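The residues making up each chain are set out below.
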Amino acid sequence: MTVDSTPDELYHDAARVYGAALGRLARAYEADADLRRDLLQEIHIALWRSFSSFDGRCSLRTWIYRVAHNVAASHVLEQRRTRSQALVGLEELENLPDGNNTQQAADRRHAFDRLLNMIQRLKPLDRHVILSYLEGHDAAAISEITGLSLGNVAVKIHRIKNLLARQFQQGETR
Amino acid sequence: MTNQLRNPVQKLWQDQPVEGITMSAEIIRKRAARFERKILWRNVREYVAALIAAVTLGYFLVTARDVFARVTFGLLIAGLAWMVVQLHRKGSVRSMPTGVSTLTSLQFYRTELERQREAVNSVWSWYLAPLIPGLLVYSVWSAIRSPRPAAWLGLALMNAVIAGMFYVVWKMNVRAARCLERMIDELKAAENSY
């Protein structure tokens, strides 16, 4: 994938390499299956369109995640009008009771549902950071995509690690 | 990131089965066109609803016998037209948000919130105020046409109910604007922090 590639080629490669990650991203932003399909389609269309103005000033990965998260954040803001559940920040989520039920924690499906539920309650920017962390992006990449300073991203990742460790009773492996 | 470096929660997240989609360039062109048509129809539905209201008011305007009634319906139609124009200008039904690829998430999110705040803050001028002249003329016309205390009392009650509804809409928007303002301030603080 290079700047010289055509928009169609860029899109084709982006969908092949990042298709699964975009699917996970859509899932984190929309719980309803039908709306999620629409959102995912909207992200793909936005990406395809955006490649006509891709100039290589940032990496393709940054570009793809920026477009995807921005389309998804816009979707969340639109849906917020019709849904009653308030979105919270990482700080408020830290006050949730610990996930200390070991039997439940052992249940992988239940653990995943809890993780997804936790992510879907977050405000878009915090949701963006936690998703990027879960996708394995480093602080520099997250900073470039979100526009948050490196220090700010580091603080948020520290909070996310603590929150996940407390909620899932599992220590960090790195 | 390799599997060895993933912590269990990252592994849990990345290993989930996903319903990804793959589309050829040809298919995505068709889907994009279909998406545009969907947005177009959504816009058309809004305009058709306004047109039906305008035609109904227009019928009353044409068939009204006195000048006050005609002025009332004329002003209500003008107010409706103003609301539709503002709705269109504010882009409440847009095909795709601008800046999705050029702005960072922080800038994009703040811009979207500011756009919403602007719409909410100005609701008085584009959503409520355009109807007031027509309603005022209607009240004066009704008061002159039926100069009886009972009729005036009914008119006063009707105006009080309308004023109450306007107040509730305005108050809800003030609250929404405050909430948006707090979120924007949080984002500005995040933008300025190091």
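Residues numbered from 1 in each chain as written. Chains lettered and ligands numbered in written order. Predicted model: local features only at pLDDT ≥ 70, side-chain atom pairs only at ≥ 80, totals over all residues. Heavy atoms only, no water.

Draft legend 1. Region of the structure containing the overall build of chain B. Secondary structure summary: chain B contains seven helices and zero strands in total. From first element to last, N terminus to C terminus, chain B shows the α and β order α-α-α-α-α-α-α. Against the compact-globule benchmark of 16 Å for 194 residues, chain B has a radius of gyration of 25 Å, which places it well outside the compact range. Once the C-alpha set of chain B is aligned to its principal axes, its extents read approximately 85 × 45 × 30 Å. Among the 194 residues that make up chain B, the fraction classed as buried is 32%. (Helix = DSSP H or I, 4+ residues; strand = E, 2+ residues; numbered from the N terminus. Rg over C-alpha atoms; globule rule 2.2 N^0.38 Å. Buried < 20%, exposed > 50% of the residue type's maximum accessible area, 1.4 Å probe, protein only.)

Draft legend 2. Spatial organisation of the overall build of chain A. A count of helices and strands for chain A gives nine helices and zero strands. Ordered by position in the sequence, the α and β elements of chain A form the string α-α-α-α-α-α-α-α-α. Within chain A, the proportion of its 174 residues that are buried is 56%. When contacts within chain A are restricted to residue pairs at least 6 apart in sequence, long-range pairs at least 24 apart make up 69% of them. As displayed, chain A offers around 7500 Å² of accessible surface, 47% of which is attributable to carbon and sulfur atoms. (Contact = heavy atoms within 4.5 Å. Areas by Shrake-Rupley, 256 points an atom, 1.4 Å probe, with all protein chains shown as cover.)

Draft legend 3. Here's a closer look at helix H2 (residues 25-63) of chain B. Between its first and last C-alpha atoms H2(B) spans 56 Å; for 39 residues at 1.5 Å apiece the expected length is 57 Å, and the two agree. Within H2(B), burial applies to Ile28(B), Ala32(B), Phe35(B), Ile39(B), Asn43(B), Ala50(B), Leu57(B) and Gly58(B). (Expected span 1.5 Å × (residues − 1).)

Draft legend 4. Structural context of the side chain of Asp126(A). Residue and element names in this part refer to chain A. Looking at the secondary structure, you find Asp-126 in helix H7 (residues 124-134). A residue is classified by how much of its surface remains accessible, and Asp-126, at 6% relative accessible area, is buried. Looking at Asp-126, its side chain comes within polar contact range of the side chain of Lys-156, at 2.7 Å. Discounting residues that sit within four places of it in the chain, Asp-126 has contacts with Gly-89, Leu-90, Glu-91 and Lys-156. (Polar contact = N/O pair within 3.5 Å; in protein donor to acceptor, adjacent residues only side chain to side chain.)

Draft legend 5. Spotlight on the interface of chain B and chain A. Across the boundary between the two partners, chain B contributes 51 residues, which contact 62 residues of chain A. Together, the buried faces of chain B and chain A total about 5000 Å²; carbon and sulfur atoms form 60% of this surface. At the surface where chain B touches chain A, the tally comes to two salt bridges. The partner of Asp8(A) in a salt bridge is Arg29(B), and the shortest N-O contact between them spans 2.7 Å. Where chain B meets chain A, there are 18 residue pairs in polar contact (both at pLDDT 80 or more). Residues that form the side of chain B that touches chain A fall into these classes: 28 nonpolar, 12 polar and 11 charged. (Buried area = accessible area lost by both parts, 1.4 Å probe. Salt bridge = Lys/Arg side-chain N within 4 Å of Asp/Glu carboxyl O. Nonpolar A, V, L, I, M, F, W, Y, C, P; charged D, E, K, R; others polar.)

Draft legend 6. The packing of aromatic side chains, seen in detail. Overall, the coordinates contain nine aromatic pairs over all chains when judged by the stated rule. Seen from their ring centres, Phe54(A) and Trp63(A) are 5.1 Å apart, and the 75 degrees between their planes marks the pair as edge-to-face. Of note, Arg145(B) hangs over the ring of Trp141(B), and the distance from its end group to the ring centre comes to 4.4 Å. (Phe/Tyr/Trp six-rings, centres within 6.5 Å; stacked < 30°, edge-to-face > 60°. Lys NZ or Arg CZ within 6 Å of the ring centre and 35° of its normal.)

Draft legend 7. Region of the structure containing helix H8 (residues 139-146) of chain A. Inspection of H8(A) places Ala141(A), Ile142(A), Ser143(A), Ile145(A) and Thr146(A) among the buried residues, and these make up the whole buried set. Tucked inside the fold, the buried residues of H8(A) contact helix H3 (60-80), H7 and helix H9 (150-168) of chain A together with helix H4 (105-121) of chain B. Gly147(A) sits one or two residues past H8(A) and shows a positive phi near 90 degrees.

Draft legend 8. Representation of the packing of H7(A) against H4(B) in the model. It is at 10 Å that the axes of H7(A) and H4(B) come closest, and there the two elements cross at 160 degrees. The angle between H7(A) and H4(B) falls in the class roughly antiparallel. When you trace H7(A) past H4(B), the crossing you get is right-handed. Counting all contacts with H7(A), which are made through Pro124(A), Leu125(A) and His128(A), the residues of H4(B) involved are Ser105(B), Leu106(B) and Tyr109(B). Here the contact of H7(A) with H4(B) is built from residues that sort into four nonpolar, two polar and no charged. (Axes fitted to C-alpha atoms, helices over the stretch in contact; angles between N-to-C directions. Parallel < 35°, antiparallel > 145°, perpendicular 65-115°, else oblique. Left-handed = near helix turned anticlockwise from the far one by under 90°.)

Draft legend 9. How the structure looks around the packing of helix H2 (residues 33-50) of chain A against H2(B). The interhelical angle for the contact between H2(A) and H2(B), taken along N-to-C directions, is 115 degrees, at an axis separation of 10 Å. Considering the angle they form, H2(A) stands roughly perpendicular to H2(B). Here H2(A) runs over H2(B); the crossing is left-handed. Along the contact surface, H2(A) presents Asp38(A), Gln41(A), Glu42(A), His44(A), Ile45(A), Trp48(A) and Arg49(A), while H2(B) presents Ile28(B), Arg29(B), Arg31(B), Ala32(B), Phe35(B), Glu36(B) and Lys38(B). Along the lines of polarity and charge, the residues of the contact of H2(A) with H2(B) split into five nonpolar, two polar and seven charged.

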